[in-house]
Amino acid sequence: MSIKSLIINPGSTSTKIGVFEDETLLFEETLRHSTEEIAQYDTIVDQKDFRKEIITNLLKEKDFDINSLGMVVGRGGMLKPIPGGTYACTDALIEDLKVGVQGQHASNLGGILAKEIADSIGVPSFIVDPVVVDELCDQARLSGVPELPRTSVFHALNQKAVAKRYAKETGKDYNSLNLVVVHMGGGVSVGAHLNGQVVDVFNALDGDGAFSPERAGGVASGRLIEMCFSGKYTQKEVYKKFVGNGGFNAYVGTNDMREVEKMIDAGDAKAQAAFDAFVFQVSKDIGAMATVLKGKVDQVVVTGGIAYDKKVVAALKDACEWIAPFTVYPGEDELLALVQGGLRVMNKEEAAKEY
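As the structure is a prediction and not an experimental result, all values here were calculated from the model.

Caption draft 1: Quick look at the pairing of strand 8 (residues 188-194). Buried residues dominate strand 8, accounting for six of its seven residues. Pairing between strand 7 (residues 178-184) and strand 8: seven bridges, direction antiparallel. By the bridge assignment, Val182 is partnered in strand 8 with Val190. Here strand 8 pairs with strand 9 (residues 197-201) via four bridges, running antiparallel. Of the residues in strand 9, the one forming a bridge with His193 is Val198. Between strand 8 and strand 9, which pair antiparallel one after the other, the connecting turn spans two residues, and Asn195 there sits at a positive phi close to 50°.

Given below as structure tokens:
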């Protein structure tokens, strides 16, 4: 019997929803929220009723019977570090999303909205592979400064989804594979997947690994300290230089790789240098994760929006295909990844984890 599901992926100024029957998308919609609408609310959690009403109104407009749903799945938020998987929306999980134990972010609303809507019609609610998935091995946690351990914040939902997709398409068990997964979007994360666990990954948010279209990646800590204490910048300004205005934005004024390539075609030397450095740094990250797997890499899996760029992928293959063959899954289909996580539980392929 097929299972209909509502998938909820909240962003800072939008709420993206999808309605599926099994893995078939029936319809999706990106509900955009103006700055003025969001500004009415002091906290992320305060937006819950506003966003819920918009979602339920859309379902009514689509003449969709909410009672036909078999589950509701929300994007996971800034919870405590947890292993990957599909989690039931328990009271403890919802409470930590409301509090924001690792920070306030719009994605925290995903699980909250999923549980409230699901409870109203008596069906299960889940979150899947939030950004705080933490499966690091012990050696990966030490940074050299005890007060600043390395942490796992990355594109867990997409990395896990494409790794499992590769396993399924090749008739293999994800839990028996050694994969290097490369996500390239606004941020970049490269992870070592060892027998179903992401045992090491470059933190996509806090300054680790390659620079990206919007983020600085790893920088010299001494120079960073000098910048912070120079008196020229506030804490917020420094953070924005590294997250948002870093990477390609800083070098060539755009976070769009298509624009970078147009600049290169027009003879822009700075754009060419930034492109070459980006590929150089991502290639180094792939090599680093290959050593984590002791060179026994079954496949390099490349995903994210930049994976559509054939020149980037070709350059990465030229640098790294000696490590292992490449499989490319362009884009980041988060709605599908969320529904697949829920279906694995509903179809008893795996058990729901409890937070």
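Once you've had a look at it, read on.
Caption draft 2: Representation of the packing of helix 7 (residues 221-228) against helix 8 (residues 235-242) within the structure. Remark: helix 7 packs on helix 8, axes separated minimally by 10 Å, with the N-to-C direction vectors making an angle of 145°. Between helix 7 and helix 8, the contacting residues are Leu224, Met227 and Cys228 on the first element and Val238, Lys241 and Phe242 on the second. Taken together, the residues that form the contact of helix 7 with helix 8 break down as five nonpolar, no polar and one charged.

Caption draft 3: Layout of the sheet that holds strand 2 (residues 14-21). Sheet architecture is open: six strands sit in the order 3-2-1-4-6-5, paired in mixed fashion. Each edge of the open sheet carries a strand with a single partner, namely strand 3 (24-32) and strand 5 (86-88). The sheet shows a mean angle of 25° between the axes of neighbouring strands, taken without regard to direction. When strand 4 (residues 71-75) meets strand 6 (residues 125-128), the two strands line up parallel, connected through four bridges. Residue Val73 lies in a different strand from strand 6, and its bridge partner there is Phe126.

Caption draft 4: Molecular detail of unusual backbone geometry. Unusually for a residue other than glycine, Asp22 sits at a positive phi of about 55°. Along the chain, Asp22 falls in the loop between strand 2 and strand 3. By relative accessible area, which is 30% here, Asp22 ends up partly exposed. The residue Asp129 is not glycine, and still its phi comes out positive at about 40°. Inspection of the secondary structure assignment puts Asp129 in the loop between strand 6 and helix 5 (138-141).

Caption draft 5: Spotlight on the packing of aromatic side chains. In total, this model carries six aromatic pairs according to the counting rule given. Aromatic ring contacts, followed pair by pair, group Phe211, Phe248, Tyr251 and Phe278 into a single cluster.

Caption draft 6: Seen up close, the sheet that holds strand 9. Read across the open sheet, the five strands follow the order 9-8-7-10-11; overall the sheet is mixed. Either end of the sheet is taken by a strand with one partner, and the two such strands are strand 9 and strand 11 (326-330). The mean inter-strand angle of the sheet, taken between neighbouring strand axes irrespective of direction, is 25°. The sheet contact formed by strand 7 and strand 10 (residues 299-304) spans five bridges and is parallel. Opposite Leu179, over in strand 10, you have Gln299 as the bridge partner. Taken strand by strand, helix 6 (residues 156-169) contacts strand 7, strand 8, strand 9, strand 10 and strand 11, and its axis lies near 130° from that of strand 7. Where helix 11 (residues 269-292) meets the sheet, its contacts fall on strand 7, strand 8, strand 9 and strand 10, and the angle it forms with strand 8 comes to roughly 20°.

Caption draft 7: Summary view of the side chain of Asp208. Along the chain, the position of Asp208 falls in the loop between strand 9 and helix 7. Looking at Asp208, the relative accessible area reads 19%, which means it is buried. Within the structure, Asp208 has its side chain in polar contact with the side chain of Arg150 (distance 3.1 Å). A distance of 3.1 Å separates a polar side-chain atom of Asp208 from the backbone nitrogen of Asn203.

Caption draft 8: Just the environment of Ala106, in detail. In this structure, Ala106 sits in the loop between helix 3 (91-99) and helix 4 (108-121). Relative accessible area serves as the criterion here: at 4%, Ala106 is assigned to the buried category. The spatial distance from the C-alpha of Ala106 to the C-alpha of Val133 is 17 Å, given a sequence separation of 27 residues. When near neighbours in sequence (up to four residues on either side) are disregarded, Ala106 contacts Pro10, Gly11, Ser12, Ile44 and Arg51.

Caption draft 9: Looking closely at the layout of surface pockets. Computed from the structure, the second largest pocket encloses a volume of approximately 1,100 Å³. As for the second largest pocket, its lining consists of 31 residues, and the residues nearest its centre are Leu148, Asp206, Gly207, Asp208 and Leu224. When the residues that make up the lining of the second largest pocket are grouped by side-chain class, the tally is 16 nonpolar, 10 polar and five charged.

Caption draft 10: Representation of the pattern of salt bridges. Scanning all chains against the criterion turns up 19 salt bridges. Between Glu116 and Lys48 there is a salt bridge; the shortest N-O distance is 3.1 Å. Linking Glu116 in helix 4 with Lys48 in helix 2 (residues 48-61), this pair joins segments that are 68 residues apart in sequence. Measuring nitrogen to oxygen at the nearest pair gives 2.9 Å for the salt bridge that ties Arg141 to Asp134. Classification of Asp134 as buried rests on a relative accessible area of 14%. Among the charged side chains, a network of salt bridges with common partners joins Lys48, Asp49, Lys52 and Glu116.

Conventions adopted
- Residues numbered from 1 in each chain as written.
- Predicted model: local features only at pLDDT ≥ 70, side-chain atom pairs only at ≥ 80, totals over all residues.
- Heavy atoms only, no water.
- Buried < 20%, exposed > 50% of the residue type's maximum accessible area, 1.4 Å probe, protein only.
- Helix = DSSP H or I, 4+ residues; strand = E, 2+ residues; numbered from the N terminus.
- Pairing = 2+ DSSP bridges.
- Axes fitted to C-alpha atoms, helices over the stretch in contact; angles between N-to-C directions.
- Contact = heavy atoms within 4.5 Å.
- Nonpolar A, V, L, I, M, F, W, Y, C, P; charged D, E, K, R; others polar.
- Phe/Tyr/Trp six-rings, centres within 6.5 Å; stacked < 30°, edge-to-face > 60°.
- Polar contact = N/O pair within 3.5 Å; in protein donor to acceptor, adjacent residues only side chain to side chain.
- 1 Å grid on protein atoms, 1.4 Å probe; cavity = no way out; pocket = protein on both sides within 12 Å on 5 of 7 lines; lining within 4 Å.
- Points joined across faces, edges and corners; volume = space filled by probe spheres on them.
- Salt bridge = Lys/Arg side-chain N within 4 Å of Asp/Glu carboxyl O.

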